[in-house]
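These are the residues of each chain, in order.
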Amino acid sequence: MEEAKHKIPQKKNPKETERVLRTEGKMEGVEGQGSNRYTLQPSRLASEDILLCVDVDSESLVEMKVSVAGGRPYSRLDSIKQAIILFINAKLTINPDHRFAFAALGKSAFWVRKEFTSDIDSAISACRGITAVDSPCGHADLTQLFRVAAHEAKKSRAQNRILRVILLYCRSSIPPQHQWPATQKLFTLDVVYLHDKPGPDNCPQKVYDALVEALEHVSEYEGYIFESGQGLTRVLFRHICTLLSHPQQRCVQDDLDIPRSLTKKSVTVDSAPADENAAL
């Protein structure tokens, strides 16, 4: 199931919101020319309130692979925390008006830090305070997470902002469940799924399919889902960096062509023609 692909329908972006510039186009006739001209109309993107929900089941304590010889292994939860810190720093560099809150997922979701903040130290402190449970949580019900997100999304909209939930899920044999009306799409859901390889004791494909269904069921804009059973921290970091993309500015996931592999570049330093006058 590695790097599985799926079809997520593209969703219309119905609102004109504020802060970061984007463009929408229309065709106009140009007098004296045989073709039309495409003009871009400016509009703005909303600042985001981002609710990061981390799975704290005992499977979050599974060790990731060591990518450097002699390095110490990190658990999934430790790696997720590092990825979140990277994400927050990058997101605030793009727009310092973004805000973050934290929840955890056991049998259901519960708050870790309820107040949304753009203060980097406060956000990192809340992230580092997330701890896993020692025993399996059993089933995972996302209903409370969606209920909280919908409530917060209404408050975000009143401030001309949008809400996004990023779920980091770690259970290889427990498909999440939810009870949520399909007519309520008040926020966008992104998912990063870390799992074991398929085996007699787990069913990551079934879990993945349930996560895709939940994402499509609740997302206002285009939600992204990424998965990995490789246990590599760099893959997790690659996925979290892709989630820096603003929900109102996204293509459908099947059209993503980032990140691009450097090994696939058609022109390399060795094969490029030498030019002693070329600027370095």
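Our structure is the block above this text.
Reference entry: report on the structure contained in this document. Starting afresh in each chain, residues are numbered from 1 along the sequence in its written order. Side-chain atom pairs in this predicted model are given and counted only at pLDDT of 80 or more, local residue features only at pLDDT of at least 70, and totals for whole chains, interfaces and linings cover all residues. Hydrogens and waters are ignored; side-chain quantities use all the structure's heavy atoms.

### So, the overall build of the protein
So, step 1. Helix and strand content of the protein: five helices and eight strands.
So, step 2. Tracing the protein from N to C terminus, the helices and strands come up as β-β-β-α-β-β-α-α-β-β-α-β-α.
So, step 3. Of all 280 residues assigned to the protein, the portion counted as buried reaches 47%.
So, step 4. It only takes one pair of heavy atoms within 4.5 Å for two residues to be counted as in contact. Considering only contacts within the protein whose residues lie at least 6 apart along the sequence, 76% involve residues at least 24 apart. Note on conventions: DSSP H or I runs of at least 4 residues are helices, E runs of at least 2 residues are strands, and numbering of each starts at the N terminus. Exposure categories follow from relative accessible area, calculated using a 1.4 Å probe and restricted to protein chains: below 20% of the type maximum is buried, above 50% is exposed, and the middle band is partly exposed.

### A few points about the pattern of salt bridges
So, step 1. Between Lys or Arg on one side and Asp or Glu on the other, a salt bridge is scored when a side-chain nitrogen of the former is within 4 Å of a carboxyl oxygen of the latter. Counted under the stated rule, the structure contains 11 salt bridges.
So, step 2. A salt bridge links Asp196 to Arg76; its shortest N-O distance comes to 2.6 Å. Here Arg76 lies in helix α1 (residues 76-94) and Asp196 lies in the loop between β7 (188-194) and α4 (204-218), a separation of 120 residues in the sequence.
So, step 3. In this structure, a network of salt bridges that share partners links the residues Glu48, Lys91, Arg164, Asp190 and Arg250.

### Focus on the pairing of strand β5 (residues 109-117)
So, step 1. Pairing between two strands is assigned when DSSP locates at least 2 bridges connecting them. Judged from the five bridges that link them, strand β4 (residues 99-105) and β5 form a sheet pairing that is antiparallel. Counterpart to Ala103 in the pairing with β5 is Trp111.
So, step 2. Taking the residues that link successive antiparallel strands as the turn, the β4-β5 hairpin has three residues.

### Some details on the packing of α1 against helix α5 (residues 233-242)
So, step 1. A fitted line through C-alpha atoms serves as each axis, taken over the contacting stretch for helices, and the angle formed by two N-to-C directions is quoted from 0 to 180°. Close contact between α1 and α5 brings their axes to 10 Å; oriented N to C, the two are set at 35°. The handedness of the crossing between α1 and α5 comes out as right-handed. Contacts between α1 and α5 pair Ser79, Ile80, Gln82, Ala83, Leu86 and Phe87 from the former with Thr233, Leu236, Phe237, Ile240 and Cys241 from the latter.
So, step 2. In this count, Pro and Cys sit with the nonpolar residues alongside Ala, Val, Leu, Ile, Met, Phe, Trp and Tyr, while Asp, Glu, Lys and Arg are called charged and the others, Gly among them, polar. Residues that form the contact of α1 with α5 fall into these classes: eight nonpolar, three polar and no charged. Note on convention: near helix rotated counterclockwise from far helix by under a right angle means a left-handed crossing. Clockwise means right-handed.

### Quick notes on the pairing of β7
So, step 1. For β7, the tally of buried residues reaches seven of seven residues, placing the bulk of the element in the interior.
So, step 2. Bridge count for strand β6 (residues 162-169) against β7 is six bridges, and the pairing is parallel. Note on β7: the bridge partner recorded for Ile166 is Asp190.
So, step 3. Sheet topology note: the β7/strand β8 (residues 225-228) ladder contains four bridges and is parallel. The partner of Leu194 across the bridge, within β8, is Ser228.
So, step 4. The definition of a right-handed crossover adopted here requires that, viewed with the strands pointing away, the path from the first strand over the helix to the second runs clockwise. A crossover connection joins β7 to the parallel β8 through α4; in handedness this β-α-β unit is right-handed.

### Brief notes about the environment of Gln82
So, step 1. Relative to the helices and strands, Gln82 resides in helix α1.
So, step 2. Residue Gln82 is classed as partly exposed on the basis of its relative accessible area of 42%.
So, step 3. On a C-alpha basis, the gap between Gln82 and Arg128 in space is 8.8 Å, while along the polypeptide they are 46 residues apart.

### Re the sheet that holds β8
So, step 1. Pairing within the open sheet is mixed, and its six strands lie in the order β5-β4-β3-β6-β7-β8. This sheet does not close on itself; its edge strands, each paired only once, are β5 and β8. The mean angle between the axes of side-by-side strands here comes to 15°, regardless of whether they run parallel or antiparallel.
So, step 2. One ladder, built from seven bridges, connects strand β3 (residues 48-55) with β4; its direction is parallel. Considered in β4, the bridge of Asp55 is made with Leu105.
So, step 3. On the sheet, α5 packs against β6, β7 and β8 and is oriented at approximately 175° with respect to β8.

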